[in-house]
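Architecture at a glance
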Amino acid sequence: MNTDKDKNSVLEQTGKALVQMFKPKYNMLKNKAGMRVNMKEDGFIEDTRIQAADQLICDLCKNSKQTLEEQIKILTKLWNHIQELPDNEKRKEKTQEIFIIAHEIKDISSLCDYAIIAHFAESLRDYITEATMNIKNQRIIIQAHIDALSTILKNDISDEAHPIAEELKSKVKIAINKYR
Amino acid sequence: MNSLFQNKPEPYDLSNFTILLVEDSEYMQSLILEMLKLFGIGDILRCKDSQEAIDLISITHARKSSRHIDKIDIVLTDWLMPKGSGKELVKWVRHHKVSDIRFLPLIVVSGYTTERLTHETRDLGIHELLVKPVSGKLLASRICSVIDSPRPFIQTQNYFGPDRRRQELTFHGPEKRLRNPHIVERDM
């Protein structure tokens, strides 16, 4: 019995084709979802199920401020700990944890419409990938992000156009441009 | 009436489906897990990084041969994970020697929204990209797209994955393709 590899090598040798296309004989997934394998029409997930999933997000977001507060507290504590570490290598290792928390804060805040928190969390997450913890200037940038996140949460700001949000964005931008 | 005897589209019954969810964030993992349960997905396997996912897919495949376990139908993976990224998982799947694994439908969930990521994931052979924040509608649409339209898989020297051309467009102009594809039919 020919394997795919055999077929390919034969085809390469004859020069007829180097491109192979695997076409599905039947739509087995559709069949598994309770439809006929040759049914052309698209199926769907019931609206009530989709609405229930969206409601789940809404319910989850009711407690999101508390979750974000906890995450930002963890972030602040971690950052304070990193700064006290004497060894550059250990600081680098711990930086990965900042990245993970910033990433999670970004996910939660964007899910729950805290656009400005999402903005700073994303900015911190992206910056952390290029930061080296032994350079003082870069530490200023990280501190600026954490301060901005704490201030936003403390003042319960969710709108990117809020004057405090605008001011913080501009300050962090200045810090990045000046100390990068 | 049983859908076997009519043409009218009906809601999918996903109770026989097994989805592998790969997400490092506990918060997002539990959210997506609950959403999938609400969609009626029968079995949801979870793991936190690509290495765990690789182990799980391998074990599931090995046990499947004894017919005591259903195969994984769709993999839903986060892209950015500190301990083994979605990229590693996608590459492992698409280069696997076992065809049941190599042809697995892959949906990438990502908080990144760059054009570069879109191109990168497409060229690594994913089926669908779902950009965070997730919503019921977005998640449902990506799952339905995988079920509704099983795109043919293309094997070239540099690519293996679903056909990247989603539209059948009429092309006017000189034929640029050097060779016609060799077509193989298979169960997918």
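Residues numbered from 1 in each chain as written. Chains lettered and ligands numbered in written order. Predicted model: local features only at pLDDT ≥ 70, side-chain atom pairs only at ≥ 80, totals over all residues. Heavy atoms only, no water.

1. A look at unusual backbone geometry
This is how it is decided: Numbering of helices and strands runs from the N terminus; a helix is a DSSP stretch of H or I covering at least four residues, while a strand is a stretch of E covering at least two.
The step from Lys 132 of chain B to Pro 133 of chain B runs through a cis peptide bond, and the omega angle for that step is 5°. For Pro 133 of chain B, the location among the structural elements is in the loop between strand E5 (128–131) and helix H6 (136–148). The phi torsion at Asp 113 of chain A lies on the positive side, around 65°, for a residue other than glycine. One can find Asp 113 of chain A in the loop between helix H5 (88–111) and helix H6 (115–128). Phi at Asp 156 of chain A takes a positive value of approximately 55°, unusual for a residue other than glycine. Mapped onto the secondary structure, Asp 156 of chain A falls in the loop between helix H7 (136–154) and helix H8 (163–179).

2. Considerations on the packing of helix H3 (residues 47–62) of chain A against helix H1 (residues 26–38) of chain B
Condition: Axis geometry follows a simple rule: fit a line to the C-alpha atoms, using only the stretch in contact for helices, then measure angles between N-to-C directions, giving values from 0 to 180 degrees. Any angle from 65 to 115 degrees is called roughly perpendicular, while one under 35 is roughly parallel, one over 145 is roughly antiparallel, and all others are oblique. Working rule for handedness: look at the near helix, and if it is turned counterclockwise from the far one by less than a right angle, call the crossing left-handed; if clockwise, right-handed. Residue contacts follow a heavy-atom distance rule, with two residues in contact if any of their heavy atoms lie within 4.5 Å. Here the term charged refers only to Asp, Glu, Lys and Arg, the term nonpolar to Ala, Val, Leu, Ile, Met, Phe, Trp, Tyr, Cys and Pro, and the term polar to all other amino acids, Gly among them.
Put simply, H3 of chain A and H1 of chain B touch, their axes get as near as 8 Å, and they point 155° apart. Between H3 of chain A and H1 of chain B, the interaxial angle falls into the category roughly antiparallel. In terms of crossing hand, the pair formed by H3 of chain A and H1 of chain B is right-handed. Taken together, the residues of H1 of chain B that come into contact with H3 of chain A (itself represented by Arg 49, Ala 52, Ala 53, Leu 56, Ile 57 and Leu 60 of chain A) are Tyr 27, Leu 31, Glu 34, Met 35, Lys 37 and Leu 38 of chain B. Of the residues that constitute the contact of H3 of chain A with H1 of chain B, the class distribution is 9 nonpolar, no polar and 3 charged.

3. Points about the sheet that holds strand E2 (residues 43–47) of chain B
All names here are of chain B. We apply this condition: Here a strand pair is declared whenever DSSP counts at least two bridges between the two strands.
Pairing is parallel in the open sheet, where 5 strands are placed in the order E2-E1-E3-E4-E5. Edge positions in the sheet fall to E2 and E5, since each of these pairs with one other strand and no more. Strand-to-strand, the axes of this sheet are offset by a mean angle of 20°, without reference to chain direction. Sheet analysis places strand E3 (residues 74–78) next to strand E4 (residues 106–110), joined by 4 bridges and oriented parallel. Directly across from Thr 77, in E4, lies its bridge partner Val 108.

4. Some remarks on the nonpolar core
To keep things clear, this is the line we draw: Take the buried Ala, Val, Leu, Ile, Met, Phe, Trp, Tyr and Cys residues and link them wherever side-chain atoms come within 4.5 Å; each set so joined is a nonpolar core. Burial classes follow relative accessibility: with a 1.4 Å probe on protein chains only, a residue under 20% of its type's maximum area counts as buried, one over 50% as exposed, and anything between as partly exposed.
The biggest cluster of nonpolar side chains holds 96 residues, and the ones touching the most others in it are Leu 36, Phe 39 and Ile 143 of chain B. If near-sequence neighbours (up to four positions away) are discounted, Phe 39 of chain B is found in contact with Ile 45, Arg 49, Ile 50 and Ala 53 of chain A together with Leu 14, Gly 136, Leu 139, Ala 140 and Ile 143 of chain B. Counting residues in hydrophobic clusters, the runner-up holds 5 residues, among them Phe 22 of chain A together with Phe 103, Phe 153 and Val 184 of chain B.

5. Focus on the interface of chain A and chain B
To keep it simple, the criterion reads: As used here, buried area is the combined drop in accessible area, with a 1.4 Å probe, of two parts when they are placed together. When a carboxyl oxygen of Asp or Glu is within 4 Å of a side-chain nitrogen of Lys or Arg, the pair counts as a salt bridge.
Taken residue by residue, the interface counts 55 residues in chain A and 66 residues in chain B. Both sides together, the interface formed by chain A and chain B hides about 5700 Å², and carbon and sulfur atoms give 63% of it. Broken down residue by residue, the surface that chain A buries against chain B is led by Met 21, Phe 22 and Lys 32 of chain A, which jointly contribute 13%. Between the two partners, chain A and chain B, sit 2 salt bridges. Linking Lys 132 of chain B and Asp 107 of chain A is a salt bridge whose minimum nitrogen-to-oxygen distance equals 2.9 Å.

6. What about the packing of aromatic side chains?
All names here are of chain B. Filter applied, for reference: A pair of aromatic rings is counted whenever rings of Phe, Tyr or Trp (Trp by its six-membered ring) have centres within 6.5 Å, and the orientation is called stacked for planes under 30 degrees apart, edge-to-face for over 60 and tilted otherwise. Consider the ring centre and the ring normal. A charge sits over the ring if Lys NZ or Arg CZ is within 6 Å of that centre and within 35 degrees of that normal.
Counting across every chain of the model gives 5 aromatic pairs over all chains. Lying over the aromatic face of Phe 160, Arg 102 brings its terminal NZ or CZ to 4.9 Å of the ring centre. Directly above the ring of Tyr 159 sits Arg 164, whose terminal nitrogen or CZ lies 3.6 Å from the centroid.

7. Details of the pattern of salt bridges
Using the criterion set out here, one finds 18 salt bridges over all chains in the structure. In this structure, Lys 171 of chain A and Glu 167 of chain A form a salt bridge, with 3.3 Å as the shortest nitrogen-oxygen distance. In this pair, Lys 171 of chain A and Glu 167 of chain A both sit in helix H8, 4 residues apart, roughly one turn of the helix. The exposure class assigned to Glu 167 of chain A is partly exposed, which follows from its relative accessible area of 43%. Among the salt bridges present, the one from Arg 164 of chain B reaches Asp 123 of chain B, with a minimum N-O distance of 3.0 Å. Here Arg 164 of chain B is found in the loop between strand E7 (160–162) and strand E8 (182–186), whereas its partner Asp 123 of chain B is found in helix H5 (residues 115–124), with 41 residues between them in sequence. Relative accessible area serves as the criterion here: at 36%, Arg 164 of chain B is assigned to the partly exposed category.

8. Some remarks on the domain arrangement of chain A
Selection criterion: Where a domain begins and ends is set by an automatic assignment or by a domain database.
By the assigned domains, chain A splits into domain 1 (10–56) and domain 2 (63–179). Placing a centre on the C-alpha atoms of domain 1 of chain A and another on those of domain 2 of chain A gives a separation of 42 Å.

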